[in-house]
Amino acid sequence: MSTGSWENNVRKVVPYTPGEQPKEKVIKLNTNENPYPPSPKVKRILDEYNCDKMRLYPDPDATVLVDAIAERYNVKPSQVFVGVGSDDVISVAFLTFFNSEKPVLFPDITYSFYDVWADVYRIPFVQKPLTADFKIDPADYKCENGGIIFPNPNAPTGCEESLSMIEDIVKANPDSVVIIDEAYVDFGAESALSLIDKYENLLVIQTFSKSRSMAGMRIGYAIGSEKLIKYMNDVKFSINSYTMTPLTQLCGAEAIKDEEYFVSTVKKIVETREYSKKKLAELGFEFTDSKSNFIFASHKSKPASEIFAALKEKKIFVRYWNKPRINNHLRITVGTPEEMDELFAALKEILK
Ligand code: PMP
């Protein structure tokens, strides 16, 4: 075996840990997937797809998908960037916009991928503590910085921040790019998309993974000023031109055109979320007023780590982090009413 010092030059990182994807059949409430299938129009595309087309490279501009997204949000196609899930879009945005010696700012409790991207791209960052009730203090984001990112609603807390507070932060930071990660916005928060024409430095990122039931297809997108989108495309085309397969582009375009199906699916999940809040309260849980497709809950007397383990025994998967400030909370994805009733029955037994 060679004993050279090549390892000194390896880019070493501590990777993001995704939620578990169990091989066996479980009630899966751990990665905020949608419990309902995608629009039937997506199935039609798959059924009718001609495999011979796979010989060819896809359209590198993903025009059908970009145009469909632009039409849905009433923006120009040149204001839309698409990627392989919003993880890819956020990663490209980090690489494109967070390129300063000053630190990028994001909350201490937030999507646990942000510090991983900062680390892999060697971007300095500072995490600003959320308040005791898990809210962002806008004053924390009015200092020198190399960029700002946070989700709205935040994850894993589910808390919504107001549009006026977001505008306040964007207005105070004309010298950096402010990214609002709206992975869960369709479940009840107000989107910052209404501000993009006013602020050239505001980028809004959304995904097909949650409200459009297509986590497995990997489609995310960013909407912002033409300038921001051009800079992101320049970076994307410097890494990999062909990120979106032809099937992905077609399925995504059909899904976003099916507004009626989207509205009905989101409505069902919001209703189940509100029903679940009542049930969890009856069982002695406390939680934030989630505006997303998950509930961030802690029990008055039983530690979250024990409930997590006991649920897993019963083949019900939720998410738990052994991290400061949130190590007594569970993040429970909103499933179908039937799945949630099975969860409540199991919890009743565990808490007895
Ligand atoms: N942002 C947040 C806040 C998330 O929770 C997730 C889901 N893990 C993502 C982005 C990425 O989702 P996707 O890559 O499936 O679009």
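Just above sits the structure.
What comes next concerns the included structure. Computed from a predicted structure; not experimentally measured.

**Quick look at the overall build of the chain**
Right, so step 1: When you go through the chain residue by residue, the secondary structure sums to 10 helices and 12 strands.
Right, so step 2: What you see for the chain is a C-alpha radius of gyration of 21 Å, in line with the 20 Å of a compact globule of 352 residues.
Right, so step 3: When the backbone C-alpha atoms are referred to their principal axes, the chain occupies close to 60 × 60 × 50 Å.
Right, so step 4: Evaluated residue by residue, the chain yields a buried proportion of 52% over its 352 residues.
Right, so step 5: Counting every atom, the chain has about 16,800 Å² of accessible surface; 52% of that belongs to carbon and sulfur.
Right, so step 6: Side chains of the chain give 44 positive and 50 negative charges; the mean places of these two sets differ by 3 Å.

**Quick notes on the site of the ligand**
Right, so step 1: The immediate surroundings of the ligand are formed by 13 residues, with Ser86, Asp181, Tyr184, Thr207 and Ser209 found nearest.
Right, so step 2: The backbone of aspartate 87 places a nitrogen or oxygen atom 2.9 Å from an oxygen atom of the ligand.
Right, so step 3: At 2.7 Å, a side-chain N or O of aspartate 181 approaches a nitrogen atom of the ligand.
Right, so step 4: Bound to the protein, the ligand loses 91% of the 400 Å² it would expose on its own.
Right, so step 5: Looking at the shell around the ligand residue by residue, the class counts come to five nonpolar, four polar and four charged.

**Things to note about the packing of helix H1 (residues 40-48) against helix H7 (residues 246-257)**
Right, so step 1: Look at H1 against H7: their axes get within 8 Å of each other, and the N-to-C directions meet at 150°. In terms of orientation, H1 lies roughly antiparallel with respect to H7. Between H1 and H7 the crossing geometry is right-handed. Listed contacts from H7 to Lys41, Val42, Ile45 and Leu46 of H1 are Leu247, Leu250, Cys251, Glu254 and Ala255.
Right, so step 2: By residue class, the composition of the contact of H1 with H7 is seven nonpolar, no polar and two charged.

Analysis parameters
Residues numbered from 1 in each chain as written. Predicted model: local features only at pLDDT ≥ 70, side-chain atom pairs only at ≥ 80, totals over all residues. Heavy atoms only, no water. Helix = DSSP H or I, 4+ residues; strand = E, 2+ residues; numbered from the N terminus. Rg over C-alpha atoms; globule rule 2.2 N^0.38 Å. Buried < 20%, exposed > 50% of the residue type's maximum accessible area, 1.4 Å probe, protein only. Areas by Shrake-Rupley, 256 points an atom, 1.4 Å probe, with all protein chains shown as cover. Lys, Arg positive; Asp, Glu negative; His and termini not counted. Charge placed at Lys NZ, Arg CZ, Asp CG, Glu CD. Near = heavy atom within 4 Å. Polar contact = N/O pair within 3.5 Å; in protein donor to acceptor, adjacent residues only side chain to side chain. Nonpolar A, V, L, I, M, F, W, Y, C, P; charged D, E, K, R; others polar. Axes fitted to C-alpha atoms, helices over the stretch in contact; angles between N-to-C directions. Parallel < 35°, antiparallel > 145°, perpendicular 65-115°, else oblique. Left-handed = near helix turned anticlockwise from the far one by under 90°. Contact = heavy atoms within 4.5 Å.

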